[in-house]
Amino acid sequence: MAVQETALAIAHLGALGYGLAAIGPGIGVGLVVSKTIESIARQPELASKLQVTMWLGIAFTEALALIGLATPFIFA
Amino acid sequence: MLLSNALNLAATMAGLSASSGDEFEPPTIGEFFPQAILFPNTIFEMNRIMMIRILIMVLLLVIFSLWTSKFRKAYKNQQFVPSRFQLMGEISLNFVRKSIAHEQLGEKDGDRFLPLLATTFFIVLGMNITGIIPSLNISGTSVIGLPIVLAAAAYFTFIYAGIKKHGGHFFKLALIPDGVPKVFLPLVFLIELLSTFILRPVTLALRLTMNMVAGHLLLVLCFSATQFFFFSPLAEGFTKAFGAGTFLFGFVFTLFEILVAFLQAYVFTLLATVYIQLALADEH
């Protein structure tokens, strides 16, 4: 019984941990996109180039959140 | 009656058993380790996901051989108005060639690495899209084996490209950037080593897999919740309203998954290209 409860508590900790892990990348992706929108508004002719860079930035930032998603499975 | 049939179908398609228990069972990671179909307990064990991968590989091979033969024929007969099928091939191959390879690497190097980039793009796209195709319902890239192979291909290619261009000097360029104070060199060396030669391939594989895993789990969650809200013995009027909400959510997420499938294929190929470009660049 106690073991089950501990296992449940750890599973809940995982959910909490992922919530924490998602804060940083969330802010990061928001910054990347907002700056891209600003830049495109200033120089619309660079839009296609900026978008490619934006996807790259999102991919790098998002990797952190996805590593957070993977960690519970690794340390289970 | 029609609606309940459709929901049952959706729930079974999402990989659920149609039986409704008293308790809601959220999807687990076991979704990605389905029962073996052929050759159980050997290294050639075949399950649903492996079957989907093989199906997609065969499909890609057939489509691409058809496209190549069309291109050849058109070139031989100097026929410049393409048929619809041929146009589809030209557009999708030109997308990888023009807006990924040429944009990042320039024409010469872009064409040099185009075979790898195009292969990567279309394999990732094909394997991702099965995640939302009814009755397949799981993407071939949602188990980490395939992404590891693709990431390894990208990894060895950018190291090969760097060594071919700069020789042994490549590692010095990659690991010891110019203009760093001597005091920080060991630290910078370690960080560059970690980020360039370890984290790059790991994040490439993990990003793809985890995107597909999260997408699949979300879809299963939505559709199994719909199934539960409609058909559990406890279901009443207002829980059915919840069910309609989760079904709508599931539908919207399905559309979102189409976007994610394309986006991840694009991002994977783009990152592989950028890594090659960084390896080819004279200074970092």
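Criteria and thresholds
Residues numbered from 1 in each chain as written. Chains lettered and ligands numbered in written order. Predicted model: local features only at pLDDT ≥ 70, side-chain atom pairs only at ≥ 80, totals over all residues. Heavy atoms only, no water. Helix = DSSP H or I, 4+ residues; strand = E, 2+ residues; numbered from the N terminus. Buried < 20%, exposed > 50% of the residue type's maximum accessible area, 1.4 Å probe, protein only. Contact = heavy atoms within 4.5 Å. Areas by Shrake-Rupley, 256 points an atom, 1.4 Å probe, with all protein chains shown as cover. Lys, Arg positive; Asp, Glu negative; His and termini not counted. Charge placed at Lys NZ, Arg CZ, Asp CG, Glu CD. Buried area = accessible area lost by both parts, 1.4 Å probe. Salt bridge = Lys/Arg side-chain N within 4 Å of Asp/Glu carboxyl O. Polar contact = N/O pair within 3.5 Å; in protein donor to acceptor, adjacent residues only side chain to side chain. Nonpolar A, V, L, I, M, F, W, Y, C, P; charged D, E, K, R; others polar. Core = buried A, V, L, I, M, F, W, Y, C linked by side-chain atoms within 4.5 Å. pLDDT = per-residue confidence, 0-100. UniProt positions renumbered as here; feature names shortened; annotations may be inferred. 1 Å grid on protein atoms, 1.4 Å probe; cavity = no way out; pocket = protein on both sides within 12 Å on 5 of 7 lines; lining within 4 Å. Points joined across faces, edges and corners; volume = space filled by probe spheres on them. Axes fitted to C-alpha atoms, helices over the stretch in contact; angles between N-to-C directions. Parallel < 35°, antiparallel > 145°, perpendicular 65-115°, else oblique. Left-handed = near helix turned anticlockwise from the far one by under 90°.

1. Observations concerning the overall build of chain B
Tallying secondary structure elements over chain B gives seven helices and two strands in all. Referenced to the eigenvectors of the C-alpha coordinate spread, the extents of chain B come out at roughly 70 × 65 × 40 Å. Every one of the 284 residues in chain B was classed for burial, and the buried ones make up 43%. Pairs at least 24 apart in sequence give 68% of the contacts found in chain B among residues at least 6 apart. Carbon and sulfur atoms make up 72% of the accessible area of chain B, which totals about 15800 Å². Charge separation in chain B, taken as the distance between the mean sites of 18 positive and 16 negative side-chain charges, equals 14 Å.

2. Focus on the interface of chain A and chain B
Listed per partner, the contact involves 13 residues of chain A and 17 residues of chain B. Overall, the association of chain A and chain B removes approximately 1300 Å² of surface from exposure, summing both partners, and the carbon and sulfur fraction of that is 81%. Looking at the side of chain A facing chain B, the largest losses of area belong to A:Val52, A:Trp55 and A:Leu66, adding up to 33% of the total buried there. Linking chain A with chain B are zero salt bridges. Counting every contact that joins chain A to chain B gives one residue pair in polar contact (both at pLDDT 80 or more). Of the residues in the side of chain A that touches chain B, the class split is eleven nonpolar, no polar and two charged.

3. Some words on the nonpolar core
Core analysis: the largest hydrophobic core is formed by 52 residues, its most contacted members being B:Phe121, B:Phe158 and B:Phe197. Elements supplying a minimum of two residues to this core: α2 (47–74) of chain A together with α2 (48–76), α3 (84–129), α4 (145–166), α5 (169–175), α6 (185–231) and α7 (237–280) of chain B. Looking at which element gives the most residues to this core, the answer is α3(B), with 14 residues. Among all residues touching B:Phe197, those that are not within four sequence positions of it are B:Tyr155, B:Phe158, B:Ile159, B:Phe170, B:Phe171, B:Ala174, B:Leu175 and B:Glu192.

4. A word on the confidence of the model for chain B
All names here are of chain B. Averaged over chain B, the pLDDT score is 87; the fraction of residues at 70 or greater is 92%. Across chain B, element-level confidence peaks in α4 with a mean pLDDT of 95 and bottoms out in helix α1 (residues 2–13) with 50. Between residues 15–20, whose pLDDT stays under 50, and residues either more than four places distant or in other chains, the model counts 13 contacts. In the predicted complex, the global pTM is 0.86; the interface-specific ipTM is 0.78.

5. Quick word on the UniProt feature "transmembrane region" (unreviewed entry) in chain B
Residues and elements named next belong to chain B. The sites that carry the UniProt feature "transmembrane region" (unreviewed entry) are, in the present numbering, residues 49–67, 113–136, 142–163, 183–202, 214–235 and 247–276. This span, residues 183–202, is 90% helix and 0% strand, and a straight line between its end C-alpha atoms measures 29 Å. Helix makes up 100% of residues 247–276 and strand makes up 0%, while its end C-alpha atoms are separated by 43 Å.

6. Side note on empty space enclosed by the protein
Residue and element names in this part refer to chain B. Under the definition given, this model contains one cavity of 30 Å³ or more. Forming the boundary of the largest cavity are Asn128, Gly131, Ile132, Ser139, Met212, Gly215, His216, Leu219, Glu257, Ile258 and Ala261. For the lining of the largest cavity, the secondary-structure elements that each account for two or more residues are α6 and α7. With four residues, the top contributor of residues to the lining of the largest cavity is α6. Looking at the lining of the largest cavity residue by residue, the classes come out as five nonpolar, five polar and one charged.

7. Points about the packing of α2(A) against α6(B)
At a minimum axis separation of 9 Å, α2(A) and α6(B) run at an interaxial angle of 70°. Between α2(A) and α6(B), the angle falls in the class roughly perpendicular. Relative to α6(B), α2(A) is oriented so that their crossing is left-handed. Of α6(B), the residues touching α2(A) (which contributes A:Ala59, A:Phe60, A:Glu62, A:Ala63, A:Leu66, A:Ile67, A:Leu69, A:Ala70 and A:Phe73) are B:Thr203, B:Leu206, B:Arg207, B:Met210, B:Asn211 and B:Ala214. By residue class, the composition of the contact of α2(A) with α6(B) is eleven nonpolar, two polar and two charged.

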